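# Structural features, examined
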Amino acid sequence: MSDIKQQIFQELAAVEEAAAKLHSVAENAGRQTDLEVAILTEQVKNLRDKNARATDMINQTISILKKLK
């Protein structure tokens, strides 16, 4: 009977350890996702800024070309 109790406690400890590891993995995945979102947000901001500058340059070029006609 004592052996069965010991085995049950060992299995419960293993389950508890596995749950703790899974919790840690889930937490780290959440942080990774937050980091990826932050990086993508910054990249989108930079692309929008570049797009706005490119649009301005195109508009200036069109204006110059119209004046040259």
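Scroll up to find the structure.
Residues numbered from 1 in each chain as written. Predicted model: local features only at pLDDT ≥ 70, side-chain atom pairs only at ≥ 80, totals over all residues. Heavy atoms only, no water.

A separate point is the overall build of the protein chain. Scanning the protein chain for helices and strands turns up 1 helix and 0 strands. Here the C-alpha atoms of the protein chain give a radius of gyration of 30 Å, more than 25% beyond the 11 Å that 2.2 N^0.38 yields for 69 residues. Each principal axis of the C-alpha distribution contributes one length, and for the protein chain these read about 100 × 10 × 5 Å. A total of 69 residues make up the protein chain; the buried ones form 0% of that total. Counting every atom, the protein chain has about 6600 Å² of accessible surface; 62% of that belongs to carbon and sulfur. Each charge sign in the protein chain was given a centre, from 10 positive and 10 negative side chains, and these centres are 22 Å apart. (Helix = DSSP H or I, 4+ residues; strand = E, 2+ residues; numbered from the N terminus. Rg over C-alpha atoms; globule rule 2.2 N^0.38 Å. Buried < 20%, exposed > 50% of the residue type's maximum accessible area, 1.4 Å probe, protein only. Areas by Shrake-Rupley, 256 points an atom, 1.4 Å probe, with all protein chains shown as cover. Lys, Arg positive; Asp, Glu negative; His and termini not counted. Charge placed at Lys NZ, Arg CZ, Asp CG, Glu CD.)

What follows concerns a nonpolar patch on the surface. A cluster of nonpolar side chains, M1, I4, I8, F9 and L12, forms an exposed patch at the surface whose accessible area comes to about 580 Å². Inspection of the secondary structure puts I8 in helix α1 (residues 2–68). With relative accessibility at 46%, the residue I8 sits in the partly exposed group. (Patch = residues over 30% accessible without salt bridge, like charges linked within 9 Å, V, L, I, M, F, W, Y side chains within 5 Å. Salt bridge = Lys/Arg side-chain N within 4 Å of Asp/Glu carboxyl O.)

Turning next to the pattern of salt bridges. Pairing is possible between side chains of opposite charge, provided their charged atoms come close. Scanning the model with the defined rule gives 3 salt bridges in all. Here E17 makes a salt bridge to K21, at a shortest N to O gap of 3.3 Å. Taken as a pair, E17 and K21 lie in helix α1 at a separation of 4 residues, close to a single helical turn. Given the relative accessible area of 48%, E17 is considered partly exposed.

Taken by themselves, the reported measurements are silent on function.
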